[in-house]
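The chain contents come next:
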Amino acid sequence: MPYENLTTFFGKPVEDFQPGMETWDFAGAVPRFRIEYDSEDNVPAMLGNYAALPGAEATDALVIGYWQGDDSSDSSQVVVEALVTYAERFPNLRALFLGDIVSEENEISWINQSDLSALWPAFPHLEHMQVRGATDLALGRFEAPRLTTLIIESGGLPRRVVQEALAAGAPELRHLELWLGTDEYGGDSTPKDFADLFAGRLFPKLNTLALRDCAYADDLAAALAEASVLERISTLDLSLGNLTDEGAEALLASPAVAKLSRLDLHHHFLTEATMTRLAALGPAVDLSEQQEPDEYAGEIYRNIAVSE
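This is a predicted model, so every value here is computed, not measured.

What counts and what doesn't
- Residues numbered from 1 in each chain as written.
- Predicted model: local features only at pLDDT ≥ 70, side-chain atom pairs only at ≥ 80, totals over all residues.
- Heavy atoms only, no water.
- Helix = DSSP H or I, 4+ residues; strand = E, 2+ residues; numbered from the N terminus.
- Rg over C-alpha atoms; globule rule 2.2 N^0.38 Å.
- Buried < 20%, exposed > 50% of the residue type's maximum accessible area, 1.4 Å probe, protein only.
- Contact = heavy atoms within 4.5 Å.
- Areas by Shrake-Rupley, 256 points an atom, 1.4 Å probe, with all protein chains shown as cover.
- Lys, Arg positive; Asp, Glu negative; His and termini not counted.
- Charge placed at Lys NZ, Arg CZ, Asp CG, Glu CD.
- Axes fitted to C-alpha atoms, helices over the stretch in contact; angles between N-to-C directions.
- Parallel < 35°, antiparallel > 145°, perpendicular 65-115°, else oblique.
- Left-handed = near helix turned anticlockwise from the far one by under 90°.
- Core = buried A, V, L, I, M, F, W, Y, C linked by side-chain atoms within 4.5 Å.
- Phe/Tyr/Trp six-rings, centres within 6.5 Å; stacked < 30°, edge-to-face > 60°.
- Pairing = 2+ DSSP bridges.

(A) Structural view of the overall build of the protein chain. Counting its secondary structure elements, the protein chain contains nine helices and 14 strands. Since a compact globule built from 308 residues should have a radius of gyration of about 19 Å, the 20 Å found for the protein chain is in line with a globular shape. Dimensions of the protein chain, computed from C-alpha atoms along their principal axes, come out at roughly 60 × 45 × 30 Å. Scored against the burial criterion, the 308 residues of the protein chain give a buried share of 53%. Put simply, 68% of the contacts in the protein chain that link residues at least 6 apart link residues at least 24 apart. Of the roughly 13,500 Å² of accessible surface on the protein chain, 46% is carried by carbon and sulfur atoms. Taken as two groups, the 20 positive and 51 negative side-chain charges of the protein chain have centres that lie 11 Å from each other.

(B) Region of the structure containing the packing of helix 7 (residues 245-252) against helix 9 (residues 272-279). Running from N to C, helix 7 and helix 9 point in directions that differ by 20°, and their axes come no closer than 11 Å. One way to sum up the angle between helix 7 and helix 9 is to call them roughly parallel. Here the hand of the crossing between helix 7 and helix 9 comes out left-handed. Contacts between helix 7 and helix 9 involve Asp 245, Ala 248, Glu 249 and Leu 252 on the former and, on the latter, Thr 274, Arg 277 and Leu 278.

(C) Structural view of the side chain of Ser 239. For Ser 239, the position within the fold is in the loop between strand 10 (235-237) and helix 7. Leave out the neighbours within four places in its chain, and Ser 239 touches Arg 212, Asp 213, Asp 264, Leu 265 and His 266.

(D) View of the nonpolar core. Counting residues in hydrophobic clusters, the biggest one holds 88 residues, and the most contacted among them are Leu 209 and Leu 224. Counting residues per element, this core draws most heavily on helix 1 (residues 43-51), which supplies five residues. Among all residues touching Leu 209, those that are not within four sequence positions of it are Leu 176, Leu 197, Phe 198, Leu 224, Val 229, Ile 233, Thr 235, Leu 236 and Asp 237. One finds Phe 9, Val 14, Ala 95 and Phe 97 within the second-largest nonpolar core, a separate group that totals seven residues.

(E) Quick peek at the packing of aromatic side chains. This model, assessed by the stated rule, comprises ten aromatic pairs. Judged by centre distance (6.2 Å) and plane angle (35°), the ring pair of Phe 9 and Phe 97 falls under tilted. A residue pair is termed long-range when its members are at least 10 positions apart, and Phe 9 in strand 1 (residues 8-9) and Phe 97 in strand 5 (residues 95-98) qualify at 88 residues. Residue classification places Phe 9 among the buried residues on the basis of a relative accessible area of 5%. Taking relative accessible area as the criterion, Phe 97 reaches 0% and is therefore assigned buried. A connected cluster of aromatic rings, assembled from ring pairs, spans Phe 17, Trp 24, Phe 26, Phe 33, Tyr 50 and Phe 90.

(F) Up close: the sheet that holds strand 9 (residues 208-214). Across the sheet, twelve strands lie side by side as 1-2-3-4-5-6-7-8-9-10-11-12; this open sheet has mixed pairing. Edge positions in the sheet fall to strand 1 and strand 12 (284-286), since each has one partner strand and no second. Examined bridge by bridge, strand 4 (residues 61-64) and strand 5 share four bridges and lie parallel to one another. The residue of strand 5 that forms the bridge with Ala 61 is Ala 95. Most of the contacts of helix 1 go to strand 3 (residues 30-33), to which it runs at about 150°, and overall it touches strand 3 and strand 4.

Laid out in structure tokens, this is it:
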């Protein structure tokens, strides 16, 4: 959840890289590059300082935090350009998180991303790619032959970005996680956009499918309940959305869902009776964070966990 900064990433503790540092424990810690709101420093310069350190070529993971300073309109473009500029100093980079930004720094739907397409050829050994924020985000049509994990966190993921993620040349992908969000913040996808994925035509090694924070969770559950992809994944994650008993009934009726190892539904709007049935379905089921709908002016609202 985007309320606390990372403490670990890619199996190592995360520590902030400070301007002026002349040494770094490349084997023991992952550097995070971020600035304070009123700082005169900037992340591209910090990346340059780090890249110049003796031994920087041993870096296998990087975390990019808050880069915007007092200009909330600044996008990640300058950071992406800096990463590409110093790519030769990071020949062993295997994991990148672009946007370790928490809500008190900037709300998730206000994080201005950019075109990330230049990162893929610059870092051909990437195994883990994680992005937070979808405003102006573009992945491009990319080849990532070693990518095993792709995570995009957003309060509203545009259909265009969903399509780019699903078109990725990523034959080793095992974990796909998309926070779909709400149309109020640009999330305009529908279950139809996942037709090829659900039919099992994409990512032959996929093991975990996480379509989280979805404002159409019932429709998504209904489409997934009969999806061929469930026959070969072990974990299905529909958490953080607005799932109700309607969507749960489709999951309960699916033989493939019953054969999963894990089903994550936390943050939901299910009744106690339905929760009891799901708990006995077969997989290990996370049914925590039961929610109650809100009523305003006679209308019922079931809010997803993360939007603004």
